[in-house]
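The chain contents come next:
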Amino acid sequence: MVSFKELGLVNTREMFAKAIKGGYAIPAFNFNNMEQLQAIIKAAAETKSPVILQVSKGARNYANQTLLRYMAQGAVEYAKELGWEHPQICLHLDHGDSFELCKSCVDFGFSSVMIDASSLPYEENIALTKKVVDYAHQFDVTVEAELGVLAGVEDEVASEVSHYTKPEEVVDFATRTGCDSLAISIGTSHGAYKFTPEQCTRDPKTGRLVPPPLAFDVLDAVMEKLPGFPIVLHGSSSVPQEYVDMINKYGGKLPDAVGIPEEQLRKAAKSAVCKINIDSDSRLAFTAAVRKVFAEKPAEFDPRKYCGPARDLMTELYKHKIINVLGSDGKAE
Ligand code: G3H
Ligand code: 13P
Ligand code: ZN
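Thresholds applied
- The written sequence of each chain sets the order in which its residues are numbered from 1.
- Chain labels run from A onward and ligand labels from 1 onward, assigned in the order the entries are written.
- Only residues with pLDDT of 70 or above have their local features reported here, since the model is predicted, and side-chain atom pairs are shown and tallied only from 80 upward, although totals for entire chains, interfaces and linings are computed over all residues.
- Placing a C-beta atom from the backbone of each residue, we mark the residue near a molecule or strand if the atom is within 6 Å of it.
- Numbering of helices and strands starts at the N terminus; helices are DSSP runs of H or I of at least 4 residues and strands are runs of E of at least 2.
- Throughout this entry, Asp, Glu, Lys and Arg are counted as charged residues, while Ala, Val, Leu, Ile, Met, Phe, Trp, Tyr, Cys and Pro are counted as nonpolar. The remaining residues, Gly among them, count as polar.
- Expected span of a helix, by definition, is 1.5 Å for each gap between consecutive residues, and there is one gap fewer than residues.
- Each residue is classed by its C-beta neighbour count within 10 Å, where at least 20 other C-beta atoms makes it buried, 12 or fewer makes it exposed, and intermediate counts make it partly exposed; the C-beta atoms are placed from backbone geometry.
- With C-beta atoms placed from the backbone, a contact is any residue pair whose C-beta atoms sit within 7 Å.
- In this scheme, strands are said to pair when DSSP sees at least two bridges between them.
- The path from the first strand over the helix to the second decides the hand: if it runs clockwise while the strands point away from the viewer, the crossover is right-handed.
- Axes here mean lines fitted to C-alpha atoms, for a helix over just the part in contact, with angles spanning 0 to 180 degrees between N-to-C directions.

This next bit is on the site of ligand 2. Within the structure, ligand 2 sits among 14 residues, and His-234, Ser-237, Asn-277, Asp-279 and Ser-280 are positioned closest to it. Those elements that place two or more of their residues in the shell around ligand 2 are β3 (89-96), β12 (273-278) and α11 (280-296). Looking at the shell around ligand 2, its residues break down into one nonpolar, ten polar and three charged.

This brings us to helix α6 (residues 122-137). The end-to-end C-alpha distance of α6 is 22 Å, a good match for the 22 Å that 16 residues give at a rise of 1.5 Å each. When α6 is considered as a whole, its buried residues turn out to be Asn-125, Ile-126, Leu-128, Thr-129, Val-132, Val-133 and Ala-136. Considering only its buried residues, α6 is in contact with α5 (99-107), β4 (112-115), β5 (142-147) and α7 (170-177).

The subject of this paragraph is the pairing of β4. On β4, burial covers both faces: Ser-112 and Met-114 on one face and Val-113 and Ile-115 on the other are all buried. Here β3 runs beside β4; their pairing, made up of three bridges, is parallel. Each residue of the ladder has a partner; that of Gly-96, found in β4, is Ile-115. For the segment spanning β3, α5 and β4, crossover handedness is right-handed. Bridge count between β4 and β5: four bridges; the pairing is parallel. From the neighbouring strand, Met-114 faces β5, where its bridge partner is Glu-144.

This brings us to the sheet that holds β5. Sheet architecture is closed into a barrel: eight strands sit in the order β1-β2-β3-β4-β5-β8-β11-β12, paired in parallel fashion. Ignoring strand direction, the axes of neighbouring strands in this sheet form an average angle of 25°. Sheet topology places strand β1 (residues 26-30) next to strand β2 (residues 51-56); three bridges connect them, and they run parallel. Bridge assignment links Ala-28 to a residue of β2, and that residue is Ile-52. Here helix α4 (residues 65-81) sits on the sheet in contact with β2 and β3, set at roughly 150° to β3.

Honestly, that's just the spatial picture; any functional story needs more than this.
Spelled out as structure tokens, the structure:
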């Protein structure tokens, strides 16, 4: 058993309370490798933004949980080395799907876990979430839960339609589970294809897809029922078209990839939405940069020569999100 406190990490309690009060959101960036982690920490340190490092079950399988844990511990030291005196870094399990997985992360030094039982019937979601909360809270680890189902793929949980969160359930759910934050479904979804072309209109000038707006009425109703309660948005990548264009230009194939417009995320960040999850945008930036090097310098075979530019582009992306979308810069001096 190792406490996250020994690793220099923080849980989400204070971060979220300040974010709601201050009208901004904390970035929750997924990482699977060293370059992503370096880019996240560099961006957070340079902007003095609190940050949540997210590890999915897939990331854990890909990179090894022991290695990821020590990487997060190293990230705290790296942040200090970069001149960030009091780094506020949370290590969070993304989409935990069982009590055992959540427990293992709590025991292993994570400061926050998500139990995603949103695909289960309501009472089963409550029972499993409460079990995780009861365990995690003994160690001051905070717990995110989910109500409502996002369209697309949630790790291994597939759903073709989006089921918005029912505002009439949130008080009962939060009270009976004791969860610290709640992920809700208001029209976001995972991945780089958040809407079908049929769900969008097309900008006549650019020919680009224009997605439908998020269900802010559902968010408003949730906030009315649970005033001041921390709300989380998953599936919040914007799928920047410059990366999609770069990928397509240099041999990729991502037709009609589309995300959540930034102005909608800006609006959400000012509300009780205090954690915004971004993974796909980082994958797109990485892939775009690597493809460019491969296309322009076919003789290159030193991984640093293509992972380096990928890391630089991701750093730029993370800083942009922090400063121009979430507004969390300068909140962890
Ligand atoms: O919510 C999904 C995250 O983007 C993690 O994706 O399961 O492929 O690591 P992953
Ligand atoms: P995106 O696929 O939109 O980046 O969402 C990531 C996410 O929700 C991780 O839990
Ligand atoms: Zn998610």
